Amino acid sequence: MAKLSALVYFLLSLAMFLNLVNCHGDLLPENHVALFVFGDSLLDPGNNNYITTIFDFKANFWPYGETFFGYPTGRFSDGRLIPDFIAEFAGLPLVPSYLNPGSSKYTNGVNFASGGAGALVETHQGLVIDMGTQIKYFKKVEKSLRKQLGVAETKKLLSEAVYLIGIGGNDYLTKPSSVSDKEFVSMVIGNLTLALKEIYREGGRKFGFPNMMPLGCLPFMKAQSGGSCIDEINALANLHNSELTKTLNKLMNQLDGFKYGYYNFFGSISERLTNPSKYGFKEATACCGSGEDRGVYSCGGKRGLPEFVLCDNPDEYLFFDAYHYTEKAYEQLAGLMWNGTADVVWPYNLKTLFQTTVSYDSSYQLVQTL
């Protein structure tokens, strides 16, 4: 009987131990670095498939996705986006959209981006997942990770992770004329700064930012002006980029361990618009749409205009539709973000940030070292 009691005690102890391991012992692989993504349609892998919105902010229909996936995933392109390539370069699987019902294990990261979203809650309000809501979702993920991994492993995961953030374009494209450019940029940067501090508070230390592209040169904008870039909108993008640079420098000085990669998205796109053949493009226009240079946002025929033209080879085009780029363009841009030199991404490229290690002091305060 004593032997039986000892055996029962042993089995119960073993069961409790295994249960504890399952709850809090899913140890992360050595040097594991996750990728968390916040932003708009340039980064959205399909979150908007799962919200009630209009077709302007959806891409879950043909011909989107035709090149790589062979079916529409919700990505606003013919194939993969920047986060998909960054994940590949980092040795991660495709980072899933947060709202995908199959997304529940977040140890490789997750993507919160939403087509049409802005840093301001008023931008396309009710039709998109604004930056503030994306941050709320991130906090839910943090709680889920704590249940899955335990507190210490979650701290480690979130501090080692890289946070890719690209947002603001939709704010500027819907800017009210009653607000000055300087005041409006201050509002956008202010909201972005609040979001960054929230991520930092949860443990985030390593950030990647593509700056604002030349919004006035999007095919849609050029179609409005007879084929020319709209200088006033590009000036707004440049003002944003100037203020973002100042803000990131301040944060690096104010927040211990805060490090970032600032990618000159504006410059990269400007170069490809000026000299597309140098980068392997025959046209710096849209592959899919209608009107001159397919600058009308009708790709797929679900946005009010049923008729559209689709090119034979998206790889020959810089843009896939009137607002968004082709997979070939995204691959080039992601490559520059990943291991570009200091003339295009600074002070760190994303490869360096992924290789940055984070350690704790004796009181579990995060200390970052290279």
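Residues numbered from 1 in each chain as written. Predicted model: local features only at pLDDT ≥ 70, side-chain atom pairs only at ≥ 80, totals over all residues. Heavy atoms only, no water.

## As for the overall build of the protein chain
Under the convention used in this document: To qualify as a helix, a DSSP run of H or I must reach at least 4 residues; to qualify as a strand, a run of E must reach at least 2; elements of each kind are numbered from the N terminus. Burial status follows relative accessibility: with a 1.4 Å probe on protein chains alone, a residue under 20% of its type maximum counts as buried, one over 50% as exposed, and anything between as partly exposed. Residues are treated as being in contact if the distance between any of their heavy atoms lies within 4.5 Å. For the accessible areas, the method is Shrake-Rupley and the probe is 1.4 Å, while residue cover comes only from the protein chains on display.
A count of helical and extended segments in the protein chain gives 11 helices and 12 strands. Here the protein chain, with 370 residues, has 54% of them falling under the buried criterion. Sequence-distant contacts in the protein chain: of pairs separated by 6 or more residues, those separated by 24 or more amount to 71%. A total of about 16500 Å² of accessible surface is found on the protein chain, and carbon and sulfur atoms cover 54% of it.

## Re the side chain of Glu160
Within the element layout of this structure, Glu160 appears in helix α4 (residues 151-160). Residue Glu160 is classed as buried on the basis of its relative accessible area of 10%. If near-sequence neighbours (up to four positions away) are discounted, Glu160 is found in contact with His32, Val33, Lys206, Thr356, Thr357 and Val358.

## What about the state of the cysteines?
How we decide: Defined by distance alone, a disulfide is two cysteine sulfur atoms within 2.5 Å.
What the rule picks out here adds up to 3 disulfides. The disulfide that involves Cys287 links it to Cys311, with 2.0 Å between the sulfurs. Disulfide Cys287 to Cys311: torsion about the S-S bond roughly -90°, handedness left-handed. Linking Cys287 in the loop between β6 (283-286) and β7 (288-289) with Cys311 in the loop between β8 (309-310) and β9 (317-319), this pair joins segments that are 24 residues apart in sequence. Between the sulfur of Cys288 and that of Cys299 lies a disulfide, 2.0 Å long from S to S. Where Cys288 bonds to Cys299 through sulfur, the torsion about that S-S bond is close to 95°, and the disulfide is right-handed. One end of the pair, Cys288, is in strand β7; the other, Cys299, is in the loop between β7 and β8, and 11 residues separate them in sequence. With respect to class, Cys288 is no different from Cys299; both count as buried.

## A few points about the side chain of Gln134
With respect to the helices and strands, the residue Gln134 is situated in helix α3 (residues 131-149). Those residues in contact with Gln134, other than ones at most four positions away along the chain, are Phe38, Gly39, Phe112, Ala113, Ser114, Ala117, Ile129 and Ile167.

## Things to note about helix α9 (residues 265-274)
Along an α-helix, residues three or four positions apart point the same way, because every turn accommodates 3.6 residues. By the criterion of burial, α9 is predominantly enclosed, with 7 of the 10 residues buried. Burial in α9 covers these residues: Phe265, Phe266, Gly267, Ser268, Ile269, Arg272 and Leu273. Where the residues of α9 are buried, they touch β4 (206-210), α8 (231-254), β5 (259-263), β6, β9 and α10 (327-339).

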